[in-house]
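Chain residues, written in single-letter form:
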Amino acid sequence: MRAATESGNHGRRETTKDVACIRLPRGQTRSSAHVFEVPGVLSPSACDRARDAVNEAFDAGRTTDRGVSLPTHDVMVSSLPQRCQDEIKEALELAAGRVSRELPGVTLEFSMSRAFVIVYDAKRQKGLKKHTDGRKEGATLLLLISKPQRDFLGGGTRFFPGILESSFDAKPAAGSTVVFPSDTLQHEGLPIKCAGCLCVV
């Protein structure tokens, strides 16, 4: 599995005040689920570095999986070069801090030791069936490091907020994070149609 790369400026935002936070789904329909998109927390050049490092680890067989219930091929963030780890950590901290501002009384935290990259591949792992992430009273931060329409077609995350509400999709750009409740919100990884897609979780 390979991912293409492109060059870009490595600009960093230092505070959550400079970062947008979008409640999903977009438009007039409001869901009871707290799902947010925080765009542009990882620069294009940092995405490229992370993609290349994940591809190298994947090709070398440095992968893990989550068992039969969620049969994925994952690369642990802790196995990537330190620069990639630091850039991903900064991006996730920025996203968590920004979403925390939207949820009074809630401070989102995460553990880098548990962070991993899901490797979707159109020939093998195209998507992921409906599930919850099972982290009690926690949140999932999903950071896309592949570029839609260049590295892959299709994909995205579909959310199922409840019986009386319609499902909706999140299709973030590369370098953007989607944040949602881990233990209560069912979701699935929509199939990709060509090449590969990499998401940090």
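Residues numbered from 1 in each chain as written. Predicted model: local features only at pLDDT ≥ 70, side-chain atom pairs only at ≥ 80, totals over all residues. Heavy atoms only, no water.

Kindly report on the pairing of strand S12 (residues 192-200), identifying the contributing residues and their values.
Walk down a regular strand and you will see the side chains alternate between the two sheet faces. Bridging between strand S4 (residues 116-121) and S12 involves 5 bridges; their strand directions are antiparallel. Paired with Val-117 across the bridge in S12 is Val-200. Across 2 bridges, the pairing between strand S6 (residues 139-144) and S12 is antiparallel. Bridging across to S12, Leu-144 finds its partner in Cys-199. Of the pairings in the sheet, the one linking strand S7 (residues 152-154) to S12 comprises 3 bridges and is antiparallel in character. Residue pairing in the sheet places Gly-154 in a bridge with Ile-192 of S12. (Pairing = 2+ DSSP bridges. Helix = DSSP H or I, 4+ residues; strand = E, 2+ residues; numbered from the N terminus.)

Give a detailed account of the packing of aromatic side chains, specifying residues and quantitative values.
What characterises a pair of aromatic rings is the spacing of the ring centres plus the angle enclosed by the ring planes. Within the structure shown, the criterion is met by 2 aromatic pairs. Taking the centre distance of 4.9 Å and the plane angle of 70° together, the rings of Phe-159 and Phe-180 count as edge-to-face. Linking Phe-159 in strand S8 (residues 157-160) with Phe-180 in strand S10 (residues 177-181), this pair joins segments that are 21 residues apart in sequence. As far as burial versus exposure is concerned, Phe-159 and Phe-180 are alike and both buried. Chaining the aromatic ring pairs together yields one cluster made of Phe-159, Phe-168 and Phe-180. In this structure, Lys-130 is placed above the aromatic ring of Phe-160, and the distance from its NZ or CZ to the ring centre is 4.1 Å. (Phe/Tyr/Trp six-rings, centres within 6.5 Å; stacked < 30°, edge-to-face > 60°. Buried < 20%, exposed > 50% of the residue type's maximum accessible area, 1.4 Å probe, protein only. Lys NZ or Arg CZ within 6 Å of the ring centre and 35° of its normal.)

For helix H1 (residues 44-59), give the residues involved together with the corresponding values.
For H1, built from 16 residues, the straight-helix expectation of 22 Å at 1.5 Å per residue is met to within 8% by its first-to-last C-alpha distance of 22 Å. Here H1 has its buried residues at Ser-45, Ala-46, Cys-47, Asp-48, Ala-50, Arg-51, Ala-53, Val-54, Asn-55, Ala-57 and Phe-58. For H1, the secondary structure elements touched by its buried residues are strand S3 (74-76), helix H2 (82-100), S4, S6 and S12. Just past H1, the residue Gly-61 takes up positive phi, approximately 80°. (Expected span 1.5 Å × (residues − 1). Contact = heavy atoms within 4.5 Å.)

Tell me about the pattern of salt bridges, and name the residues and values.
Inspection of every chain in the model, using the stated rule, returns 9 salt bridges. In this structure, Glu-37 engages Arg-26 in a salt bridge whose closest nitrogen and oxygen atoms are separated by 3.3 Å. One end of the pair, Glu-37, is in strand S2 (residues 35-38); the other, Arg-26, is in the loop between strand S1 (22-24) and S2, with 11 residues separating them in the sequence. Arg-150 is the salt-bridge partner of Asp-151, the closest N and O atoms lying 3.0 Å from each other. (Salt bridge = Lys/Arg side-chain N within 4 Å of Asp/Glu carboxyl O.)

Which residues make up the environment of Tyr-120, and what values go with them?
Assignment of secondary structure puts Tyr-120 in strand S4. Taking the C-alpha atoms as reference, Tyr-120 lies 9.0 Å from Gly-155; in sequence the two are 35 residues apart. Leaving out residues up to four positions away in the same chain, Tyr-120 has contacts with Gln-125, Lys-126, Gly-127, Leu-128, Gly-189, Ile-192, Ala-195, Gly-196, Cys-197 and Cys-199.

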